[in-house]
Amino acid sequence: MYLNDARETMRPEPRLAPESVPANRRKNMHLARIPQISPLSLISLLYAMSMYAFYQQGFIGRATFLAVAVVVLCFVVMFYCAFRFGLNARFGDQSLMLPQILAALLIMLTVAYLEQATQMALVPFVLIAFSFGIFRLSTASLILLLFGCLGAYLGIIALHGRAEGYGIGFRAELMQWFVLALTLPGMILVGKQIQNLRQLLNATRYQLEHFEEKSVRDELTGLYNRRQLQTELDRAKLQIDTLSIPFSICLIDIDRFKEINDNSGHLAGDTILKEFSCVARDSIRDTDILGRYGGDEFMLILPNTVLKGAVMHAERLRVYAHFLDFQKILPQKHISLSIGVAQYRRGEKINDLISRADAALYQAKQLGRNRVEWADAT
Ligand SMILES: Nc1nc2c(ncn2[C@@H]2O[C@H](COP(=O)(O)OP(=O)(O)OP(=O)(O)O)[C@@H](O)[C@H]2O)c(=O)[nH]1
């Protein structure tokens, strides 16, 4: 399952209308287009350089070299324009990898046909061309490309043999073809192994992120769990000790939740926990931290908030919760909350802070529930 999810992330992204893409993403998409042209440019540039060496050493004529240079330039400009003006967006594979590799192979095979001496450059350059395709093309496309390339090369050798006889030159060309026929599948195989490893790596990274996220969340409500609340409390304590930023906490308990479970069933209880969690989450600031402390008890950490503000927030939350409509699952239709609030006292232990909030909560229960009580700030 995870491997599939990771594979999913590796699929080409769906094409988006330019106006639906945020500005910074558009800029990134634009930047991402530029390296896409590199396979053809790189192979062609290196190939043209090697042809220049062949020309310098007298293996090929000036006309052939110039023809190669012009064709390479035309292809590079053509693909560059396709990327620059977004024409590639019309194709499934926006990197245009297959056409780029085909263009490179076409140039090299044509030159190999016209100038036999250049065949010694063919094997390494074909390998380079295929190496670009390994991570982008499907195995089926690669195999088709492999047979196409080997078939075309064999045809060229046959044409050479027919024109010049089947002597030692022909056999040498056949040997070269044979070497290519052995190395290309080997290279594709190794490339696919690397691709699999990459997918496995992605899957592992996905799993890790997934588990990291799971380890801090409560499964039922999706809120932070108790362990993460402890971490957040430690962080808030550190902030007040170093930056003097105050913070307060609210311990929130749903009243008579056991009765709800007993009368309406555990599933109804779960629904209430989930719905209350949603409402509470929506009612807090981005900087506030809400978690499930355990059972029907929640903790709200309010950074940069003194006791008065925390009590007001708790009161608001109590009212929100009271107006939640549970008539389908509860005979009494509504739930109520008891909340204990405490502001952190500089230097005190986190457990002491929680105990004070808990004592306030206990007091709220004692005073009849459905109310907010608080611990003295001093
Ligand atoms: N449905 C459901 N119930 C839970 C879950 N976790 C704990 N509980 C139940 O929540 C109830 C908590 O009850 P208490 O907090 O002890 O008491 P209460 O009924 O809320 O009474 P007061 O707090 O005094 O108002 C217990 O019956 C637990 O079994 C849960 O995930 N789902």
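Residues numbered from 1 in each chain as written. Predicted model: local features only at pLDDT ≥ 70, side-chain atom pairs only at ≥ 80, totals over all residues. Heavy atoms only, no water.

**A word on the nonpolar core**
Phase 1: Tyr-47, Met-51, Leu-105, Met-108, Val-126 and Phe-130 are the most contacted members of the largest nonpolar core, which totals 49 residues.
Phase 2: Among the secondary structure elements, those contributing two or more residues to this core are helix 3 (38–56), helix 4 (62–84), helix 5 (97–114), helix 6 (119–133), helix 7 (139–164) and helix 8 (168–216).
Phase 3: A total of 10 residues in this core trace back to one element, the largest contributor, which is helix 5.
Phase 4: With 29 residues, the next largest nonpolar core counts Leu-223, Ile-260, Ala-280 and Val-311 among its residues. (Core = buried A, V, L, I, M, F, W, Y, C linked by side-chain atoms within 4.5 Å. Buried < 20%, exposed > 50% of the residue type's maximum accessible area, 1.4 Å probe, protein only. Helix = DSSP H or I, 4+ residues; strand = E, 2+ residues; numbered from the N terminus.)

**Some details on the packing of helix 7 against helix 8**
Phase 1: Where helix 7 meets helix 8, the axes come as close as 10 Å, and the angle between the chain directions of the two elements is 175 degrees. With respect to their mutual orientation, helix 7 and helix 8 come out roughly antiparallel. Residue-level contacts link Thr-139, Leu-142, Leu-146, Leu-150, Tyr-153, Leu-154, Ile-157, Ala-158, His-160 and Gly-161 of helix 7 to Phe-170, Glu-173, Leu-174, Gln-176, Trp-177, Leu-180, Ala-181, Leu-184, Pro-185, Ile-188 and Lys-192 of helix 8. (Axes fitted to C-alpha atoms, helices over the stretch in contact; angles between N-to-C directions. Parallel < 35°, antiparallel > 145°, perpendicular 65-115°, else oblique. Contact = heavy atoms within 4.5 Å.)

**Comments concerning the sheet that holds strand 5 (residues 372–374)**
Phase 1: The mixed open sheet is built from five strands, whose spatial order is 2-3-1-4-5. The open sheet has two edge strands, strand 2 (289–294) and strand 5, and neither has a second partner. Adjacent strand axes in the sheet meet at a mean angle of 20 degrees when their direction is disregarded.
Phase 2: Pairing of strand 1 (residues 247–254) with strand 4 (residues 337–343), which is carried by seven bridges, proceeds in the antiparallel orientation. Directly across from Ile-252, in strand 4, lies its bridge partner Ile-339.
Phase 3: Strand contacts of helix 12 (residues 307–322): strand 1, strand 3 (297–303), strand 4 and strand 5, with the helix running at about 165 degrees to strand 4, the strand carrying the most contacts.
Phase 4: Across the sheet, helix 13 (residues 350–366) touches strand 1, strand 2, strand 3, strand 4 and strand 5, and the angle it forms with strand 4 is around 145 degrees. (Pairing = 2+ DSSP bridges.)

**A look at the UniProt feature "transmembrane region" (unreviewed entry) in the protein**
Phase 1: The UniProt record marks residues 34–54, 60–83, 95–114, 120–137, 142–162 and 174–191 with the feature "transmembrane region" (unreviewed entry), using the residue numbering of this structure.
Phase 2: For residues 60–83, the end-to-end C-alpha separation is 33 Å, with 92% helix and 0% strand making up the annotated structure.
Phase 3: Between the first and last C-alpha atoms of residues 95–114 the distance is 30 Å; the span itself is 90% helix and 0% strand. (UniProt positions renumbered as here; feature names shortened; annotations may be inferred.)

**A short note on the site of the ligand**
Phase 1: Taken together, 17 residues surround the ligand, and among them Arg-256, Lys-258, Asn-261, Asp-270 and Arg-292 come closest.
Phase 2: Between Asp-270 and the ligand, the recorded distance is 2.6 Å, taken from a side-chain N or O atom to a nitrogen atom.
Phase 3: One nitrogen or oxygen atom from the side chain of Arg-369 is found 2.9 Å from an oxygen atom belonging to the ligand.
Phase 4: Compared with its free state, where it exposes 660 Å², the ligand has 67% of that area covered by protein. (Near = heavy atom within 4 Å. Polar contact = N/O pair within 3.5 Å; in protein donor to acceptor, adjacent residues only side chain to side chain. Areas by Shrake-Rupley, 256 points an atom, 1.4 Å probe, with all protein chains shown as cover.)

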